[in-house]
Each structure stands twice: as C-alpha cells, then as structure tokens.
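# Architecture at a glance
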Amino acid sequence: MNNNPIIEKLKELQETDIKINALNKLCDDKSATLNQIKENIQKLQKKMEEIKQRAKQLKIEIDKKDLELKSNEEKTKKLNIHLNTVKTNKEYSVLSNEIKSIKADSDIIEDVILNYFGQSETIQKEIKDLETAITGENNKFNLLSVEVDKEICHIKKEIENFCQIRQENMGRIDSETLSKYEKIISNKVDKTALAKVNITDYSFTCQGCHMDVTPQQVNEIMKGKELVCCKTCLRILYVDK
Ligand SMILES: [Zn+2]
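Note that the structure is a prediction, hence the values are computed from the model and not measured. (Residues numbered from 1 in each chain as written. Predicted model: local features only at pLDDT ≥ 70, side-chain atom pairs only at ≥ 80, totals over all residues.)

### A short note on the overall build of the protein
Rule in force here: Put simply, DSSP marks the helices as runs of H or I at least four residues long and the strands as runs of E at least two long, and each gets a number from the N terminus on. A radius of gyration in this sense is built from C-alpha atoms; the matching globule rule multiplies 2.2 Å by the number of residues raised to 0.38. Residues with at least 20 other C-beta atoms within 10 Å of their own are called buried, those with 12 or fewer are called exposed, and the rest are partly exposed. The C-beta atoms themselves are positioned from the backbone. Note on contacts: each residue gets a C-beta atom placed from the backbone, and two residues are in contact if those atoms are within 7 Å.
Scanning the protein from terminus to terminus reveals four helices and three strands. In sequence order, the secondary structure elements of the protein are arranged as α-α-α-β-β-α-β. Its C-alpha atoms give the protein a radius of gyration of 40 Å, more than 25% over the compact-globule value 18 Å for 241 residues. Residues counted as buried form 11% of the 241 residues belonging to the protein. Intrachain contacts of the protein at a sequence separation of at least 6 include 71% that bridge at least 24 residues.

This is the structure:
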C-alpha cells in the first residue's frame, strides 16, 4: 500500500508530540499532588482560625459569667450585713428570699461556667489535634516537594530533548503540511493529527474518530499523491503498509 511519503515523516513528528504531551501531563500530575497537600494545609489552617475564634468567644463568655458571679457575691454580702440589722420579721423574710434568689441565680451561672469549661476543653483538644495534623501535612509537603521538584526537573529535561527532536522532525516537512498538522493538533485533546484507516472486509473506518472513510478516500490515500483528511475529525489519514 502506498502512502504519501510525507506520511512517514508526519508519523515521526506525531510520535514525538505524543511523548512531549505525555511528559507534560506527567509534570502536571506531579504538581497536582503537591497542590492537593497545599490545599489540605490551607483547609486545616482555616479550620484552626475558626476554632481559635470560638475559643476566644468562649473565654469572653466565661469572663462575663465570672463577673456576674462576683457581682452576686457582693450583693449577697451586702444583704447579709443588712440582714443582721433588720427590725421586723417581714423585712427579714424579704431579705432572706432575695438572698435565696441570688443564690439560685448563682447556681445556674456556675452550671453555665462549668459547661463552658467543658466546651473549652474540647476546643483545646481540637486545637491540639489540628496542630498535629498541620505539622504532619507540612512535613509531608516538604518531603514530597524535594522529591517532586527533582522529578519535574528531570521530566523537563526530557521534554527539552524531545523538543529538539521535534525541531529535527519538522525540518523534514514542508511548511504547508506542517501548518496543516499544527492546526489539527491544536484542536485535539489527544494531540494527534494522524489517524490510521482501519480496513476490514466490509468497511473502512478512521481510527481517530471511528467514523466511515469512503473507498474513494482510501484510493486517494493509496495513490499517495495528496494528503487525505477524515471528513469527520479532519485528521490526516494513512493506511498501514
Ligand atoms: Zn476521523
């Protein structure tokens, strides 16, 4: 079977491009792993800020309740002094009830403070756990980034080498064909501009898009005079020898 002789040169170029594409993707994947850890650290730090804010708020509440408690103590002290100087039973009873009521109020405040202390303990534990998690993620990041940076540096050198090869590949192809090739790959996710025609007893299909190729197109390819493109995916078609 005859292909246009330029096809072999385009195939070489495509091989190189596929390798460059795969290496670029590898680079992105490696960076993505690091970025994922960085994101985790940021999330944990945000959580830490929120928890610290809660701890701060709780401290304010506890101080407020402490003041209320102290104020009640003062009031009770004064009322007790007053109690010793009352003249009538009625007055005594009124003051006693007032002292009882303050005591009941203080009991409730003490319960609230106790509850706050419980919450505060839980928060302190959460802060400690988060600190451990953040340190862990930071260590992981530092260790991995040294490794990944080395790998990426190595991959970039490989890419440079293949870019050199690409230049050589390109040097063997005329500019019109090259621009056609570049135009096709710029629109393809898999960065392929060439597609083999799959030939069975009953059909011809483009392996790039799996759509039919006409017998007439196959004839044109066999003649090897002009480049034939798939009507659906626009890739340059070839038949395997
Ligand atoms: Zn196609």
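Read on for the rest.
### Brief notes about the nonpolar core
Note the cut-off: As used throughout, a nonpolar core is a set of buried Ala, Val, Leu, Ile, Met, Phe, Trp, Tyr and Cys residues joined through C-beta atoms within 7 Å of each other. Domain limits in this description derive from either an automatic procedure or a database domain assignment.
Formed by 18 residues in total, the largest nonpolar core has its most connected members in Leu10, Leu194, Val197, Cys206, Ile236, Leu237 and Tyr238. When contributions to this core are tallied by element, the ones reaching two or more residues are helix H1 (6-83), helix H3 (175-186), strand S1 (194-199) and strand S3 (236-238). Counting contributing residues, this core receives three or more from each of domain 1 (6-173) and domain 2 (179-238). In this structure, Tyr238 is in contact with Asn3, Ile7, Leu194, Lys196, Val197 and Ile221, ignoring residues within four places of it in sequence.

### Some remarks on the domain arrangement of the protein
What counts is decided by this rule: For this classification, Asp, Glu, Lys and Arg are treated as charged, while Ala, Val, Leu, Ile, Met, Phe, Trp, Tyr, Cys and Pro are nonpolar and the rest, including Gly, are polar.
By the assigned domains, the protein splits into domain 1 (6-173) and domain 2 (179-238). Placing the centre of domain 1 and that of domain 2 at their C-alpha centroids yields a distance of 55 Å. Of the residues lining the interface, eight residues belong to domain 1; the matching set on domain 2 comes to eight residues. Split into classes, the residues belonging to the side of domain 1 that touches domain 2 amount to four nonpolar, two polar and two charged.

### Re the environment of Lys25
With respect to the element layout, Lys25 can be found in helix H1. We classify Lys25 as exposed; it has 11 C-beta atoms within 10 Å. With 51 residues separating them in the primary sequence, Lys25 and Thr76 have C-alpha atoms 76 Å apart.

### Structural notes on H1
Heads up, the rule is: To estimate the expected span of a helix, subtract one from its residue number and multiply by 1.5 Å.
Helix length check: H1, at 78 residues, gives a terminal C-alpha distance of 113 Å against a target of 116 Å (1.5 Å per residue), a fit within 8%. Considered for burial, the residues of H1 that qualify are Ile7, Leu10, Leu13, Gln14, Thr16 and Asp17. Looking at the buried positions of H1, the neighbouring elements they touch are helix H2 (89-171), H3, S1 and S3.

### Concerning the sheet that holds strand S2 (residues 204-206)
The cut-off we apply is this: DSSP bridges decide pairing: two strands pair if at least two such bridges lie between them. Helix axes are fitted to C-alpha atoms over the stretch in contact, other axes to C-alpha atoms as well, and angles between N-to-C directions run from 0 to 180 degrees.
Spatial ordering of the open sheet is given by S2-S1-S3, a layout of three strands whose pairing is mixed. Strands with a single pairing partner mark the edges of an open sheet, and in this sheet they are S2 and S3. Direction aside, neighbouring strands of the sheet carry axes that sit 30° apart on average. Relative to S2, S1 is paired through three bridges, and the arrangement is antiparallel. When the sheet's bridge partners are listed, Val197 is paired in S2 with Cys206.

### A short note on the packing of H1 against H2
Our working definition: Each angle receives one of four descriptions, namely roughly parallel if under 35 degrees, roughly antiparallel if over 145, roughly perpendicular if within 65 to 115, and oblique otherwise. Take the far helix as the reference: if the near one is turned anticlockwise from it by less than a right angle, the crossing is left-handed, and if turned clockwise, right-handed.
Where H1 meets H2, the axes come as close as 5 Å, and the angle between the chain directions of the two elements is 165°. Taken as axis vectors, H1 and H2 run roughly antiparallel relative to one another. When the axes of H1 and H2 are compared, the crossing they make is left-handed. The residue makeup of the contact of H1 with H2, split by class, is 40 nonpolar, 15 polar and 23 charged.

### As for the environment of Cys153
Residue position: Cys153 is located in helix H2. Judged by the 10 C-beta atoms lying within 10 Å of it, Cys153 falls in the exposed class. Put simply, Cys153 and Lys128 are 25 residues apart on the chain and 37 Å apart in space, counted from C-alpha to C-alpha.

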